[in-house]
Amino acid sequence: PAKVIMVRHGQSEGNLSENLYATKPDNAMQLTKLGWEQARMAGKALRERLLRDNESIHFIVSPYARTMETFHGIVSAWCDPSEFDHIEDRDLRLKAWYEKLSQLGLSWHEDPRIREQDFGNYQVSQAVF
């Protein structure tokens, strides 16, 4: 590729409350309202300022909830997912949106190798907090 752009996930629940890690798995932490807004703003900046017209773009996303949500926020700059709200089934709605994104030249794949390390799985919780 001619250009590599790395984006960290938006603000997550765990960023607001580290105590949440004691009861919720790291991979399940979701974006906050601010995190969603950050993701949408990043997508808008990518589309309008950093990428040229007709430039291909490929995303590599970790399987964590917050990174998938960040990806969704970013790519909404190319196609608003609300265009597919008329499709009741969530899986079919997501599939239709993904097909539209593909038609627009966006590609992506999940890669667990870029996820955060499982830093707390083998620690005594009292020692961490």
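Above: the structure in question.
This text gives an overview of the structure that appears in the document. Quick caveat, the model's predicted, so the values are computed rather than measured. (Residues numbered from 1 in each chain as written. Predicted model: local features only at pLDDT ≥ 70, side-chain atom pairs only at ≥ 80, totals over all residues. Heavy atoms only, no water.)

What to know about the packing of helix α2 (residues 33-50) against helix α3 (residues 65-75)
The following threshold applies: Note on geometry: axes are lines fitted to C-alpha atoms, helical ones only across the stretch in contact, with angles between N-to-C directions running from 0 to 180 degrees. Put simply, DSSP H or I for four residues or longer makes a helix, DSSP E for two residues or longer makes a strand, and each gets a number counted from the N terminus. Orientation is classified from the angle alone, with under 35 degrees giving roughly parallel, over 145 giving roughly antiparallel, 65 to 115 giving roughly perpendicular, and any other angle giving oblique. For any pair of crossing helices, the crossing counts as left-handed if the nearer helix is rotated counterclockwise from the farther one by less than a right angle, and right-handed if it is rotated clockwise. Residues count as neighbours in contact if any of their non-hydrogen atoms are within 4.5 Å of one another. Polar here means any residue other than Ala, Val, Leu, Ile, Met, Phe, Trp, Tyr, Cys and Pro, which are nonpolar, and Asp, Glu, Lys and Arg, which are charged; Gly is therefore polar.
The geometry of α2 relative to α3 is characterised by a closest axis approach of 6 Å and an angle of 45° between their N-to-C directions. Taken together, the axis directions place α2 and α3 in an arrangement best described as oblique. Crossing hand, α2 versus α3: right-handed. Contact residues: α2 offers W36, A39, R40, A42, G43 and L46, while α3 offers E69, T70, H72, G73 and I74. Across the contact of α2 with α3, the residue classes tally to five nonpolar, four polar and two charged.

What about the layout of surface pockets?
What counts here: Buriedness for pockets is judged along seven lines, at least five of which must meet protein on both sides within 12 Å for an open set on the 1 Å grid over protein atoms alone, while cavities are sets there where a 1.4 Å probe fits but cannot get out, and lining residues have an atom within 4 Å of a point. Grid points are joined across faces, edges and corners, and a volume is the space filled by probe spheres set on the points.
Taken as a whole, the largest pocket spans an internal volume of roughly 890 Å³. Listed by contribution, the elements that provide at least two residues to the lining of the largest pocket are β1 (57-61) and α3. Here the residues of the lining of the largest pocket are counted per class, giving 16 nonpolar, six polar and six charged.

Things to note about helix α4 (residues 90-103)
Helical periodicity: at 3.6 residues per turn, an α-helix aligns residues three or four positions apart in one direction. Counted only if it meets this: An expected span of 1.5 Å times one less than the residue number is assigned to each helix. When a residue's accessible area, from a 1.4 Å probe over protein chains only, is under 20% of the maximum for its type it is buried; when over 50% it is exposed; and in between it is partly exposed. Polar contacts here mean pairs of N or O atoms no more than 3.5 Å apart (in protein, one a potential hydrogen donor and the other a potential acceptor; neighbouring residues in sequence count only if both atoms are side-chain atoms).
Here α4 contains 14 residues, and its C-alpha end-to-end distance of 20 Å stays within 8% of the 20 Å for a straight helix at 1.5 Å per residue. Within α4, burial applies to A96, W97, Y98 and L101. Against α3 and β2 (106-110) lie the buried residues of α4. A side-chain oxygen of the first residue of α4 lies 3.1 Å from the backbone nitrogen of D91; this N-cap is D89. Backbone geometry just after α4 places G105 at a positive phi near 95°.

Structural notes on the packing of α3 against α4
Two elements in contact, α3 and α4, have axes separated by 12 Å at closest approach and are oriented at 55°. As far as their axial angle goes, α4 and α3 are oblique. As α3 packs across α4, the resulting crossing turns out to be left-handed. Between α3, through M68, F71, H72 and V75, and α4, the contact on the second element is made entirely by L94, W97, Y98 and L101.

Notes on the packing of aromatic side chains
To keep things clear, this is the line we draw: Classification of ring pairs rests on two measures: the distance between centres of Phe, Tyr or Trp rings, Trp counted by its six-membered ring, which must be within 6.5 Å, and the angle between planes, read as stacked under 30 degrees, edge-to-face over 60 and tilted in between.
Following the criterion strictly, the structure yields five aromatic pairs and no others. Centroid distance F71 to W108: 5.4 Å. Interplanar angle 50°. Geometry classified as tilted. On the criterion of sequence distance, the pair formed by F71 in helix α3 and W108 in strand β2 is long-range, its members being 37 residues apart. Looking at W108, the relative accessible area reads 21%, which means it is partly exposed. Among the aromatic residues, ring-to-ring pairing joins F59, F71, W78, W97, Y98 and W108 into one connected group.

Some points on α3
The element α3 is extensively covered by neighbouring structure, given that 10 of its 11 residues are classed as buried. R66, T67, M68, E69, T70, F71, H72, G73, I74 and V75 are the residues of α3 that are buried. In the core, the buried residues of α3 are packed alongside α2, β1, α4 and β2.

Regarding the pattern of salt bridges
Heads up, the condition is: Here, a salt bridge means any Lys or Arg side-chain nitrogen found within 4 Å of an Asp or Glu carboxyl oxygen.
Taken as a whole and judged by the stated rule, the model has four salt bridges. D111 is paired through a salt bridge with R113; the nearest N and O atoms lie 2.7 Å apart. On the basis of relative accessible area, D111 is assigned to the buried category, the value being 10%. Note on R113: relative accessible area 72%, which makes it exposed.

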